[in-house]
Amino acid sequence: MKDKTQKFKDMFGEDIVRLSIIMLFVVVMSFASPYFMQMKNMMNILQNISLQGITAIGMTMVIITGGIDISVGGVCAFSAWIAASLMKGDMNWGLACLCAIAIAGLCGMINAFSIGVMKIPPMIASLAMMNMTRGLQTVISRGTTLTGLPESFQVIGQGNIFGVIPIPAVIIIVLYLLAAWFMNRTVLGRSIYAVGGNPEAARVAGIKNARVLFFSYITCSIFACIAGLVFVSRTNSAPSTLANNLEMKAIMAAVIGGTSVTFGGKGKILGTFLGVIIVGLMTNALDLLGVSAYYQQFIQGVMVLLVVFLEAIRSNRAAKKH
């Protein structure tokens, strides 16, 4: 019985804390705002978290490998704008989306080559990619916003299942379920943990570290692209400012979800999903309470710093025990 209890704590202990935070938000905001518990507001939260939520899946994989990818905002904006531009040029929207995903995959491949083969630090390599993609998007778009996209494409971001559940909410839930299964049940998923936990041991065990990095960074860029496509579909526009600060929001969700930016090999997709929910609830609560966007950014930064501090304290205690 004790073994089962310990196993349960190991699997869900930290997630219980996050679930408690979510419940606390719900209870407090139920009294603070009469609009919070309305179904329309709940569905609005699920729609609004789709951009950072989908991107956070790939970011979690990259951070687990011991890396970081701050190019996701640029890749998201550049690839999604290209897709919107192709649609405006009368290309079939499905083919336009595939072209955008291919472009994002190429960006991820360049990141992976720089990091895994050329041994450039992840922060520097992804920073260069962020500047390149943001620069290219600015040049191509000339600061304009594309609108008037095909109605059939808009269904992805604006449609509802059973007239209630937003399609973006369904997309994000399905992607998280698939990602959780992949990370826990496949050889490649477990290899991502192995490479992040101890790259040399993983290499000795026969794992191709470079291949794992290529998969992780390419997947991260593709998820960022998918997130951008969903956002463009929902808003029926591709603005030049698309995905500003997306990398910080995705990292914040992953960190709050328990993914360690200090040590690789630690993190869970479920935890990231709960982190995304917490960030979404916090943003929605601050909006309902009329808190300025400038203060919101400060509060979110404080929250991330607090989580990192707590992680550092926990890691130091664990190190002392061993």
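What this report covers is the structure whose coordinates are included nearby. (Residues numbered from 1 in each chain as written. Predicted model: local features only at pLDDT ≥ 70, side-chain atom pairs only at ≥ 80, totals over all residues. Heavy atoms only, no water.)

**Remarks on the nonpolar core**
Stated precisely, the cut-off is as follows: Buried Ala, Val, Leu, Ile, Met, Phe, Trp, Tyr and Cys residues that are joined via side-chain atoms within 4.5 Å together make up what is termed a nonpolar core. For each residue, the accessible area found with a 1.4 Å probe, counting protein chains only, is set against the maximum for its type, and the residue is called buried under 20%, exposed over 50%, and partly exposed in between. Only heavy atoms matter for contacts: two residues are in contact if any of them lie within 4.5 Å across the pair.
In this structure, Ile57, Met183 and Val232 are the most contacted members of the largest nonpolar core, which totals 83 residues. Not counting residues within four places of it along the chain, the set of residues in contact with methionine 183 comprises Met61, Ile64, Gly189, Arg190, Ile192, Tyr193 and Ile269.

**With respect to helix α3 (residues 50-64)**
Put simply, the test is: Under the scheme used here, helices are H or I runs from DSSP no shorter than 4 residues and strands are E runs no shorter than 2 residues, and both carry numbers assigned from the N terminus. The span one expects for a helix is its residue count, reduced by one, times 1.5 Å. What is called the bend at a residue is the angle between a pair of axes, fitted to the seven residues leading up to and ending at it and to the seven starting from it.
In this model, α3 (15 residues) spans 21 Å end to end at C-alpha, consistent with the 21 Å of a helix rising 1.5 Å per residue. At isoleucine 57, α3 shows its maximal bend, which comes to roughly 30 degrees. Along α3, 15 of the 15 residues are buried, which leaves the element largely enclosed by surrounding structure. A positive phi of about 95 degrees marks glycine 66, the residue just after α3.

**Describing the packing of helix α4 (residues 72-88) against helix α5 (residues 93-117)**
The line we're drawing: Note on geometry: axes are lines fitted to C-alpha atoms, helical ones only across the stretch in contact, with angles between N-to-C directions running from 0 to 180 degrees. Every angle not falling under 35 degrees, over 145, or within 65 to 115 is termed oblique; those three ranges are roughly parallel, roughly antiparallel and roughly perpendicular. For any helix crossing, the convention is left-handed if the near helix is rotated counterclockwise from the far helix by under a right angle, and right-handed if that rotation is clockwise.
In the contact formed by α4 and α5, the axes pass within 8 Å of each other and the chain directions differ by 155 degrees. Comparing their axes, α5 and α4 come out roughly antiparallel. For α4 against α5, the interelement crossing comes out right-handed. Side by side, α4 and α5 meet where Val75, Phe78, Ser79, Ile82, Ala83, Leu86 and Met87 of the first sit next to Trp93, Ala96, Cys97, Cys99, Ala100, Ile103, Ala104 and Cys107 of the second.

**Some details on the environment of isoleucine 49**
Looking at the element boundaries, isoleucine 49 is found in the loop between α2 (39-48) and α3. Each C-alpha atom of the pair isoleucine 49 and alanine 227 lies 9.9 Å from the other, and the pair is 178 residues apart in sequence. For isoleucine 49, the contacting residues outside a window of four places in its chain are Ile54, Ile172, Val276, Ile277 and Gly280.

**Observations regarding the packing of α5 against helix α11 (residues 209-235)**
This is how the line gets drawn: Basically, the charged four are Asp, Glu, Lys and Arg, the nonpolar ten are Ala, Val, Leu, Ile, Met, Phe, Trp, Tyr, Cys and Pro, and anything else, Gly included, counts as polar.
It is at 7 Å that the axes of α5 and α11 come closest, and there the two elements cross at 145 degrees. Considering how the two elements wind past one another, α5 and α11 form a crossing that is right-handed. The residue inventory of the contact of α5 with α11, partitioned by class, reads 17 nonpolar, five polar and no charged.

**Focus: the packing of aromatic side chains**
Rules: The aromatic pairing rule takes the rings of Phe, Tyr and Trp, using the six-membered ring of Trp, and pairs them if the centres are within 6.5 Å, calling planes under 30 degrees apart stacked, those over 60 edge-to-face and the rest tilted.
The final tally for this structure, using the stated rule, is three aromatic pairs. Judged by centre distance (5.6 Å) and plane angle (50 degrees), the rings of tryptophan 93 and phenylalanine 153 are tilted. Of this pair, tryptophan 93 sits in helix α5 while phenylalanine 153 sits in helix α7 (residues 151-158); the two residues are 60 residues apart in sequence, bridging distant segments of the chain. Owing to a relative accessible area of 27%, tryptophan 93 belongs among the partly exposed residues under this scheme. For phenylalanine 153, a relative accessible area of 1% puts it in the buried group.

**Here's the deal with unusual backbone geometry**
Its identity as a non-glycine residue notwithstanding, alanine 243 has a phi of 70 degrees, on the positive side. Its place among the elements puts alanine 243 in the loop between β4 (237-238) and α12 (246-256). Of the residues examined, alanine 243 reaches a relative accessible area of 6% and is grouped as buried. Residues other than glycine seldom take positive phi values, yet asparagine 245 does so here, at roughly 65 degrees. Along the chain, asparagine 245 falls in the loop between β4 and α12.

**Some words on a nonpolar patch on the surface**
For clarity, the threshold we go by: Exposure above 30% relative accessible area and no salt bridge define the residues that can form patches, which grow by joining like charges within 9 Å and nonpolar side chains of Val, Leu, Ile, Met, Phe, Trp and Tyr within 5 Å. Per-residue and other accessible areas follow the Shrake-Rupley method at a 1.4 Å probe size, with only the shown protein chains counted as cover for residues. Basic side-chain nitrogens of Lys or Arg form a salt bridge, by our definition, when they fall within 4 Å of a carboxyl oxygen of Asp or Glu.
Together, Phe113, Val117, Met118, Ile120, Met123 and Ile124 make up an exposed nonpolar region whose accessible area comes to about 540 Å². By secondary structure assignment, the location of methionine 123 is in helix α6 (residues 122-141).

**As for the side chain of threonine 186**
What counts here: Each polar contact in these results corresponds to two N or O atoms within 3.5 Å; when the atoms are within protein, one needs to be able to donate a hydrogen and the other to accept it, and residues that are neighboring in sequence are counted only if both atoms are side-chain atoms.
Inspection of the secondary structure assignment puts threonine 186 in the loop between α8 (167-185) and α9 (187-197). One polar contact links the side chain of threonine 186 to the main-chain carbonyl oxygen of phenylalanine 182, over a distance of 2.5 Å. Polar contacts involving the side chain of threonine 186 include one to the main-chain amide nitrogen of glycine 189, which spans 3.1 Å.

**Observations concerning the environment of phenylalanine 182**
With respect to the helices, strands and loops of the structure, phenylalanine 182 is situated in helix α8. Looking at phenylalanine 182, the relative accessible area reads 16%, which means it is buried. For the pair phenylalanine 182 and isoleucine 167, spaced 15 residues apart in sequence, the C-alpha separation works out to 22 Å. If near-sequence neighbours (up to four positions away) are discounted, phenylalanine 182 is found in contact with Met61, Leu188, Gly189, Ile192 and Phe215.

**Overview of α9**
Every buried residue of α9 is accounted for by Gly189, Ser191, Ile192, Tyr193, Val195 and Gly196. Tucked into the core, α9 has its buried residues touching α3, α8, α10 (199-204) and α11.

**Points about the state of the cysteines**
Between two cysteines, a covalent bond joining their sulfur atoms is known as a disulfide. This is how the line gets drawn: Cysteine sulfur pairs qualify as disulfides if the two atoms are within 2.5 Å.
A full pass over the atoms with the stated rule returns zero disulfides. Free of any disulfide, cysteine 97 has its nearest neighbouring cysteine sulfur in cysteine 225, separated by 7.5 Å. Since its relative accessible area comes to 10%, cysteine 97 is described here as buried.

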